[in-house]
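Residue-level structural notes
So the chains spell out like this:
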2 protein chains.
Amino acid sequence: MLTSVDTELMRVLADPLRLKIVTLLAREILCTTHLVEETGAKQTNLSNHLKVLREAGVVETEPCGRFTYYRLRPDVIASLAGRFAELAETAQVTAATDTKRTCP
Amino acid sequence: MLTSVDTELMRVLADPLRLKIVTLLAREILCTTHLVEETGAKQTNLSNHLKVLREAGVVETEPCGRFTYYRLRPDVIASLAGRFAELAETAQVTAATDTKRTCP
DNA sequence: TGAAAATATCAGTTTATGCTGACGTCAGTC
DNA sequence: GACTGACGTCAGCATAAACTGATATTTTCA
């Protein structure tokens, strides 16, 4: 059974800046200041995007004094990768067998 | 080296209706009429979304008389799945080793 | 305690984009 | 050759969402 891809998660990850953040967090656990440096975005803007990522469960926070560390949740990304892999596999079979519905 | 996820492709796939179309096309090659039936969306709306998917290289068309068959390109989805799998793998290592940049 | 730094929140503006209705085009059928 | 059905295009509208500036909150350090 082909489980569908989470639309909300896709929406969250579709923004260029958020995708950049996710890519950066995949390599290192960073705090907002680092992300401001790396992306060049305004702190306010970044904070908004981080909130979106947090609420979507993509990242987790860990307070450290007056800093806040952000870490990416690997399982969320892995799950998404799995969904797309399934989808690609299904599409592969469809293409190979040329499964088409007849015109009405 | 971690190749980044294609933002444009993500934007295209982030729409609920387009994701629905992609999921349907993964199983069967369909024409617009079928997609109208399956999704319940207006033909015009669907045509607009199909154009977006076409221009992004996600789907291909095959004319058949006055009908137009749409097929999903498995390689595009497979590639995306691969990128996310890499990202997840990197994030997994980062989490396991607790790789964090020190506060400035 | 007062100042500064790190981060979050809020309100307002602007931009992007999805949806719709009207219309155009091309292929098949009577 | 006129008609119908499948599909695409275009212009306009409406909503969502990204960006910004101002401000609040919390923590650290002198």
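Scroll up to find the structure this text is about.
Let us look at the structure shown here.

What counts and what doesn't
Residues numbered from 1 in each chain as written. Chains lettered and ligands numbered in written order. Predicted model: local features only at pLDDT ≥ 70, side-chain atom pairs only at ≥ 80, totals over all residues. Heavy atoms only, no water. Pairing = 2+ DSSP bridges. Helix = DSSP H or I, 4+ residues; strand = E, 2+ residues; numbered from the N terminus. Contact = heavy atoms within 4.5 Å. Axes fitted to C-alpha atoms, helices over the stretch in contact; angles between N-to-C directions. Near = heavy atom within 4 Å. Polar contact = N/O pair within 3.5 Å; in protein donor to acceptor, adjacent residues only side chain to side chain. Nonpolar A, V, L, I, M, F, W, Y, C, P; charged D, E, K, R; others polar. Core = buried A, V, L, I, M, F, W, Y, C linked by side-chain atoms within 4.5 Å. Buried < 20%, exposed > 50% of the residue type's maximum accessible area, 1.4 Å probe, protein only. Least-squares fit on C-alpha atoms with pLDDT ≥ 70 in both. Buried area = accessible area lost by both parts, 1.4 Å probe. Salt bridge = Lys/Arg side-chain N within 4 Å of Asp/Glu carboxyl O.

Turning our eyes to something else, we now look at the sheet that holds strand S3 (residues 67-72) of chain A. Sheets are built from strands that pair by backbone hydrogen bonding, the pairs being arranged parallel or antiparallel. Residues and elements named next belong to chain A. The three strands are arranged S1-S3-S2 in an open sheet whose pairing can be described as antiparallel. Of all the strands in the sheet, just strand S1 (30-31) and strand S2 (59-64) have a single pairing partner and so form its edges. Packing of helix H4 (residues 43-55) onto the sheet brings it into contact with S2 and S3, and relative to S2 it is tilted by some 115°.

With that settled, the discussion passes to the protein's contact with DNA strand D. Around DNA strand D, 23 residues are found, and the nearest of them are Arg18, Thr44 and His49 of chain A together with Thr33 and Tyr70 of chain B. Of all DNA strand D atoms lying within 4 Å of any protein atom, the proportion belonging to sugar or phosphate reaches 75%. Serine 47 of chain B places a polar side-chain atom, nitrogen or oxygen, 3.1 Å from a phosphate oxygen of DNA strand D. When contributions to the surface near DNA strand D are tallied by element, the ones reaching two or more residues are H4 of chain A together with helix H3 (32-39), helix H4 (43-55) and strand S3 (67-72) of chain B. Tallying contributions element by element places H4 of chain B first for the surface near DNA strand D, with six residues. Residues of the surface near DNA strand D, tallied by class, amount to three nonpolar, twelve polar and eight charged.

What follows deals with the nonpolar core. Residues Leu13, Val58 and Phe84 of chain A together with Leu13, Val58 and Phe84 of chain B are the most contacted members of the largest nonpolar core, which totals 62 residues. When neighbours within four sequence positions are excluded, phenylalanine 84 of chain B is seen to be in contact with Leu13, Ile77, Leu80, Ala81 and Phe84 of chain A together with Val5 and Met10 of chain B.

On to the protein's contact with DNA strand C, then. Residues in close proximity to DNA strand C total 23 residues, the closest being Thr33 and Tyr70 of chain A together with Thr44, Asn45 and His49 of chain B. Each atom of DNA strand C within 4 Å of the protein belongs either to a base or to sugar and phosphate, the latter forming 71%. Here threonine 68 of chain A contributes a backbone N or O atom positioned 3.1 Å from a phosphate oxygen of DNA strand C. In this structure, a phosphate oxygen belonging to DNA strand C sits 3.5 Å away from a side-chain N or O atom of arginine 11 of chain B. Where the surface near DNA strand C is concerned, the elements lending two or more residues are helix H3 (32-39), H4 and S3 of chain A together with H4 of chain B. The biggest single contributor to the surface near DNA strand C is H4 of chain A, with six residues. Across the surface near DNA strand C, the residue classes break down as three nonpolar, twelve polar and eight charged.

Mapping chain A onto chain B is achieved by rotating through 180° and translating by 0.0 Å along the same axis, at an RMSD of 0.1 Å. What we have between these two chains is a two-fold relation. Across chain A, the smallest distance between a C-alpha and the rotation axis is recorded for alanine 81 of chain A, namely 2.4 Å. Comparing contact sets, 100% of the residues at the interface of chain A also lie at the interface in chain B, consistent with an isologous, same-surface contact.

Between chain A and chain B, the residue contacts involve 50 residues of the former and 50 residues of the latter. When chain A packs against chain B, close to 4400 Å² is buried across both sides, 68% of that on carbon and sulfur atoms. Between chain A and chain B we count eight salt bridges in total. Salt-bridge contacts for aspartate 98 of chain A lead to arginine 71 of chain B; the nearest nitrogen and oxygen are separated by 3.5 Å.

Right, let's get into the pairing of S2 of chain A. On any regular strand, side chains alternate: one points to one face of the sheet, the next to the other face. Residue and element names in this part refer to chain A. As paired strands, S2 and S3 are joined by six bridges and run antiparallel to one another. For threonine 61, the partnering residue across the bridge sits in S3 and is tyrosine 70. Count of turn residues in the S2/S3 antiparallel hairpin: two residues, of which glycine 65 carries a positive phi of about 65°.

What follows concerns the pattern of salt bridges. All told, the structure shown has 18 salt bridges over all chains when counted by the stated rule. Its salt-bridge partner being arginine 73 of chain A, residue glutamate 60 of chain A comes within 3.9 Å of it at the nearest N-O pair. Remark: arginine 73 of chain A occurs in the loop between S3 and helix H5 (74-97) and glutamate 60 of chain A occurs in strand S2; sequence separation between them is 13 residues. Connected via shared salt-bridge partners are Glu62 and Arg71 of chain A together with Asp98 and Lys100 of chain B.

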